[in-house]
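Listed below are the residues making up each chain.
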Amino acid sequence: MDAIQLKDYTIYLGPLQESLPGFLKQLSYSGLFVIADDNTQEHCLPRLEDALGHSNFTLIRIPPGEAHKNLDTCRQIWSGLMDRRAGRGALALNLGGGVIGDMGGFCAATFKRGIRFVQIPTTLLSQVDASIGGKLGIDFLQAKNCIGLFQNPLAVFIDPAFLETLPWRELRSGYAEIVKHSLIADAAQWERLRKLRRPGEEGWEALIAPSLHIKKQIVEADPFEKGQRKALNFGHTVGHAVEGVALETDAPLLHGEAVAIGMACETFLSGRELGLPEKDVEQITRYIIEHYGHHPLDPGDFDAYLRLMGNDKKNEGQQINFSLINPVGQAAVNRHCTPELIIESLEFYNSLS
Ligand code: GLY
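These remarks concern the structure in this document. This is a predicted model, so every value here is computed, not measured.

This next bit is on helix 8 (residues 187-195). Every buried residue belonging to helix 8 is among Gln189, Trp190 and Leu193, and all of these are buried. Projected onto a plane normal to the axis of helix 8, the buried residues spread over an arc of 105 degrees and lie on a single side. In this structure, the buried side of helix 8 is in contact with helix 7 (168-185), helix 9 (205-221) and helix 12 (278-292).

Let us look at the packing of aromatic side chains. Considering all chains together, one arrives at 9 aromatic pairs under this definition. Geometrically, the ring pair formed by Phe150 and Phe224 is edge-to-face, given 5.3 Å between the ring centres and 85 degrees between the ring planes. You can see Phe150 sitting in strand 8 (residues 143-150) and its partner Phe224 sitting in the loop between helix 9 and helix 10 (236-247), a full 74 residues away along the chain. With a centroid separation of 4.7 Å and an interplanar angle of 25 degrees, the aromatic rings of Phe268 and Phe348 are classed as stacked. Of this pair, Phe268 sits in helix 11 (residues 255-274) while Phe348 sits in helix 14 (residues 339-350), and the two are 80 residues apart along the sequence. By the burial criterion, Phe268 is buried, and Phe348 matches it.

Helix 13 (residues 302-311) packs onto helix 10 with a crossing angle of 120 degrees between their chain directions and a minimal axis gap of 9 Å. Comparing the axis directions of helix 10 and helix 13 gives the class oblique. Helix 13 is crossed by helix 10, and the crossing has right-handed handedness. For the pair formed by helix 10 and helix 13, the contact residues are Thr237, Val238, Ala241, Val242, Gly244 and Val245 on the first element and Ala304, Tyr305, Leu308 and Met309 on the second.

According to the stated counting rule, one finds 16 salt bridges in the structure shown. Between Asp102 and Lys69 there is a salt bridge whose closest N-O contact spans 2.8 Å. One end of the pair, Asp102, is in helix 5 (residues 98-110); the other, Lys69, is in the loop between strand 4 (58-62) and helix 4 (71-83), and 33 residues separate them in sequence. What makes Asp102 buried here is its relative accessible area of 10%. Residues Lys180 and Glu177 are paired through a salt bridge, measuring 2.7 Å at the closest nitrogen-oxygen approach. Residue Lys180 and its partner Glu177 are located together in helix 7, separated by 3 residues, close to a single helical turn. Taking the relative accessible area as the measure of exposure, Glu177 reaches 0% and is therefore buried. What you see here is one network of salt bridges that share partners, running through Arg169, Arg172 and Glu257.

For the rest of this paragraph, the subject is the sheet that holds strand 3 (residues 31-37). The sheet built from 7 strands is open, its strands ordered 1-2-9-6-5-3-4 with mixed pairing. Sheet topology places strand 1 (2-5) and strand 4 at the edges, where each strand pairs with a single neighbour. Taken over all neighbouring pairs, the strand axes of this sheet differ in orientation by 20 degrees on average, direction set aside. Against the sheet, helix 9 contacts strand 1, strand 2 (10-13) and strand 9 (155-158), and its axis sits at roughly 10 degrees relative to strand 1.

Look at any regular strand and the pattern is simple: side chains alternate between the two faces of the sheet. Only one face of strand 4 is covered, namely the one carrying Thr58, Ile60 and Ile62; the face carrying Leu59 and Arg61 has none of its residues buried. The pairing of strand 3 with strand 4 spans 5 bridges and is classified as parallel. The residue bridging Ile35 from the neighbouring strand is Ile60, located in strand 4.

The local shell around the ligand consists of Asp129, Lys135, Lys215, Arg229 and Leu232. Lys135 has a polar side-chain atom sitting 2.9 Å from an oxygen atom of the ligand. Between an oxygen atom of the ligand and a side-chain N or O atom of Arg229, the distance comes to 2.8 Å. Looking at the shell around the ligand residue by residue, the class counts come to 1 nonpolar, no polar and 4 charged.

Further remarks concern the state of the cysteines. By definition, a disulfide is the covalent link that joins the sulfur atoms of two cysteine residues. Considering all chains together, one arrives at 0 disulfides under this definition. Cys44 takes part in no disulfide bond, and the closest cysteine sulfur, belonging to Cys107, lies 19 Å away. No disulfide involves Cys74; its sulfur sits 3.6 Å from that of Cys107, the nearest cysteine. A relative accessible area of 0% places Cys74 in the buried class.

Each value, and the rule that gives it
- Numbers given to residues run from 1 along each chain, matching the order in which its sequence is written.
- With the structure being a predicted model, the display of local features is reserved for residues of pLDDT at least 70 and the display and counting of side-chain atom pairs for 80 or more, all residues being used for whole-chain, interface and lining totals.
- Only hydrogens and water are removed before side-chain values are computed, so all heavy atoms of the structure are retained for them.
- The classification of residues rests on relative accessible area computed with a 1.4 Å probe and restricted to protein chains. Under 20% of the type maximum is buried, over 50% is exposed, and intermediate values are partly exposed.
- Each helix is a run of DSSP H or I of at least 4 residues and each strand a run of E of at least 2, with the numbering of both proceeding from the N terminus.
- Directions are taken from the helix axis to each C-beta atom, and the arc is the one they span.
- Note on contacts: a residue pair is in contact if any heavy atoms of the two residues lie within 4.5 Å.
- Stacked, edge-to-face and tilted labels apply to pairs of Phe, Tyr and Trp rings (six-membered ring for Trp) whose centres lie within 6.5 Å, assigned for plane angles under 30 degrees, over 60, and everything in between, in that order.
- The convention used is that axes are lines fitted to C-alpha atoms, helices contributing only their stretch in contact, and that angles between N-to-C directions extend from 0 to 180 degrees.
- The labels follow the angle: roughly parallel below 35 degrees, roughly antiparallel above 145, roughly perpendicular from 65 to 115, and oblique for the rest.
- By convention the crossing between two helices is left-handed if the near helix lies anticlockwise of the far one by an angle smaller than a right angle, and right-handed if it lies clockwise.
- Each reported salt bridge corresponds to a side-chain nitrogen of Lys or Arg within 4 Å of a carboxyl oxygen of Asp or Glu.
- DSSP-based pairing: two strands are paired if at least 2 bridges between them are found.
- Put simply, a residue is near a molecule or strand once any heavy atom of it comes within 4 Å of that molecule or strand.
- Identification of polar contacts relies on pairs of N or O atoms within 3.5 Å, with a donor-acceptor requirement for protein atoms, meaning one able to donate a hydrogen and the other able to accept it, and with residues adjacent in sequence counted only if both atoms are side-chain atoms.
- Put simply, Ala, Val, Leu, Ile, Met, Phe, Trp, Tyr, Cys and Pro go in the nonpolar bin, Asp, Glu, Lys and Arg in the charged bin, and everything else, Gly too, in the polar bin.
- Two cysteine sulfur atoms form a disulfide, by the criterion used here, when they sit within 2.5 Å.

See below:
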């Protein structure tokens, strides 16, 4: 069992059974609630129940997926808490991926001005990214994570055993954030990742821990994303736009797949804007194509990409905000690129096949 101590809370990495029972024992709470969706109820709740032993809890079950990360589902969660007369002393356990963590946390942090909550992320993406750093929220009027707040959980429990039920495509999506962490903050880790034959082959735990250490350092230095935390957006300016357009098609991309495309484009931009050496641009983009394949971008969508990038909530003023890298392992935030250069980066990606 590995424990990573942040200023306000601890991340426990290892079997739930070894850490959660002791943690709950030293807490007093008036009611225990588990927020899960149809998938995590089936695949993950049994493991949580083993760890909870005889503790009574109320299950609040919500429909799965980003399409339900909205006010209607919040109403369902808040009603579940009201039905059981949850008071300020209640505790919520959010069992699921990023949607459950963000939305369950949001509902807990706002219910009766805030009840305590614990994150139990069950996807690789949420284990290395969403569950730490205190970002909570829901989508509103098609704007992703538009309503929300920063609020830390009481603790995070990361049990790699939950990953065993996930398809490879889902794991590979989460792995994109692990790659990103190395490129923005740890060149030695990037060298190690490059040498892996198949990521996760020897267990995910050894890859999750270094990523958590990187994210911990960044979010503690800049919890409210005023500066350095924006480094975590590397690959996401283009990536979110590509994800948004693909969502409207019958071949949507997973978040990490879109971020992989975004990282390839933004590596090119790092070469042009910051002078990232050509050999690094070549090496990183080749790695991305080897692991994520090549998904040609339709030039007919380029305007839509630019529009979406222009609407990103991370922009200030009219300019599109990027976090780029140079050298590998170091990020530069608040960089701006012209629409012409952004389009060049999309064409560069298309030329990689
Ligand atoms: N997912 C990026 C962040 O937590 O800031």
